[in-house]
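Okay, here's what each chain looks like letter by letter:
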Amino acid sequence: MTNRVIDELLKHAYDMANSSVLPDREKHYLVDRTLRTASDLYSCDMDTLTHSSMNVRRYCKYWSTEAFELYKEFRNQGMTHRQACNGKIDGKSAYINEHEIPLQIIKIWVIDIGCDYSEFKEFFYNYGKTTILTKKQDTKLLSKTSSLTEAKERYSNAGIRVIEVIWAEYEKSQVSAAVSLMQAGEKNATDNINSTTADSYEVRKDFTNDANSGII
C-alpha cells in the first residue's frame, strides 16, 4: 500500500475541518468518520477495506501483547484466523478496536484549535493507528483525556504494550510448526501416513490461498 489513499483522506478531513460553510456539528461528524477510515486503512496497510470492527481486526497489524496471546489461545482451540479475530468470551467480543491517542484529540486540534495541514498530517501518521486490545484492558484505560501529554500515558499507566504483527509471517510459522509435528507423527505412525499427508496438504493450501489473495 502507498500512502496516497491515506493522504487523500487526510486532505478531505482537513478541508472539511476548515470549511466556512459546514456547521460545527457536521464538521465533527465528517472529520471523525474520515479519520476513522484513514486509521483503519493505515493500520491494516491496505487501500480498501470493509470497515467493520471484526474485519479490521483480521488485518490490523497493531495488537496489545495480551490481545495477541488471547488470539493465539483461540487458534490453539482449532479456530481459523477469521474465527479467532471474532472470538468471544461469555457471548461477547473478546476484543475492542482502540486508539492509543484518541482520535478525538486529533479532531479537536484540527477543527477547534487549528493547525497547518503538514502538522495535521504528521500528527496523524504518528498517532493515528488503530490498536486491538482485550475488553478487560479497555476497562483499565483512562476514558477521557484533556491533553496530549495525558493521552500518551493512557497505555503505559494501564500496563498495555502494543506490538506489530506481520500476519503472513505468523501464518507461515504456524504452517512450519504444523508440518514439523506431522512429520514427527509420520515416523511413529506409518500406518496412518495417508491421512497425515492429507492434513498437511490442507494446512499448506490454506496458507497459500491467504498469501496469494491477501485475505487471511
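A few points on the structure. (Residues numbered from 1 in each chain as written. Predicted model: local features only at pLDDT ≥ 70, side-chain atom pairs only at ≥ 80, totals over all residues. Heavy atoms only, no water.)

1. A short note on the pattern of salt bridges
This structure, assessed with the given rule, holds nine salt bridges. Where K107 meets D32, a salt bridge forms, and the shortest distance between an N and an O atom there is 3.6 Å. Remark: D32 occurs in helix α2 (residues 24–44) and K107 occurs in helix α6 (residues 103–113); sequence separation between them is 75 residues. For the salt bridge of R75 with E171, the shortest nitrogen-to-oxygen distance reads 2.7 Å. Linking R75 in helix α4 (residues 65–76) with E171 in helix α11 (residues 167–188), this pair joins segments that are 96 residues apart in sequence. Across the pair, E171 and R75 agree in class, each one buried. One connected set of salt bridges, linked through shared partners, spans D32, R33, R36 and K107. (Salt bridge = Lys/Arg side-chain N within 4 Å of Asp/Glu carboxyl O. Helix = DSSP H or I, 4+ residues; strand = E, 2+ residues; numbered from the N terminus. Buried < 20%, exposed > 50% of the residue type's maximum accessible area, 1.4 Å probe, protein only.)

2. With respect to the environment of L10
Following the sequence through the fold, L10 ends up in helix α1 (residues 4–17). For the pair L10 and S39, spaced 29 residues apart in sequence, the C-alpha to C-alpha distance is 10.0 Å.

3. Re α4
Since the α-helix advances by 3.6 residues per turn, residues separated by three or four positions end up pointing in the same direction. Under the 1.5 Å per step criterion, the end-to-end length of α4 is 16 Å for 12 residues, consistent within 8% with the ideal 16 Å. Every buried residue belonging to α4 is among A67, F68, L70, Y71, F74 and R75, and all of these are buried. All buried residues of α4 fall inside an arc of 160 degrees around its axis, so they share one side. Phi turns positive one or two residues past the end of α4, at G78, with a value near 100 degrees. (Expected span 1.5 Å × (residues − 1). Arc of directions from axis to C-beta.)

4. So, the nonpolar core
Formed by 44 residues in total, the largest nonpolar core has its most connected members in L35, W63, Y71, Y95 and F120. Aside from chain neighbours lying at most four places away, what touches W63 is R57, F68, Y71, C85, Y95, I132, R161, V162, I163, V165 and W167. Counting five residues, the second-largest nonpolar core is a separate cluster that includes L141, Y155, A158 and I160. (Core = buried A, V, L, I, M, F, W, Y, C linked by side-chain atoms within 4.5 Å. Contact = heavy atoms within 4.5 Å.)

5. Some points on the packing of aromatic side chains
Counting across every chain of the model gives 17 aromatic pairs. Ring centres of F68 and Y71 lie 5.8 Å apart, and the angle between their planes is 10 degrees; this geometry places the pair in the stacked category. Taken together, the positions of F68 and Y71, both in helix α4 and three residues apart, correspond to about one turn of that helix. When its relative accessible area of 10% is taken as the criterion, F68 is described as buried. Measuring from ring centre to ring centre gives 5.7 Å for F124 and Y125, while their planes differ by 80 degrees; the resulting arrangement is edge-to-face. (Phe/Tyr/Trp six-rings, centres within 6.5 Å; stacked < 30°, edge-to-face > 60°.)

6. Considering the packing of α2 against helix α7 (residues 117–127)
Each pair of packed helices can be described by the angle between their axes along with the distance between the axes. Look at α2 against α7: their axes get within 11 Å of each other, and the N-to-C directions meet at 50 degrees. Regarding the angle of α2 to α7, the classification is oblique. Every pair of crossing elements has a handedness; the one defined by α2 and α7 is right-handed. Residues L35, A38, S39 and Y42 of α2 pack against F120, F124 and Y125 of α7. (Axes fitted to C-alpha atoms, helices over the stretch in contact; angles between N-to-C directions. Parallel < 35°, antiparallel > 145°, perpendicular 65-115°, else oblique. Left-handed = near helix turned anticlockwise from the far one by under 90°.)

7. Examining the pairing of strand β5 (residues 130–134)
Among the five residues of β5, five are classified as buried, and the element is accordingly described as predominantly covered. Burial of β5 is two-sided: the residues T130, I132 and T134 facing one way and the residues T131 and L133 facing the other way are all buried. In this structure, strand β4 (residues 95–99) lies alongside β5, joined through five bridges in antiparallel fashion. When the sheet's bridge partners are listed, E98 is paired in β5 with T131. (Pairing = 2+ DSSP bridges.)

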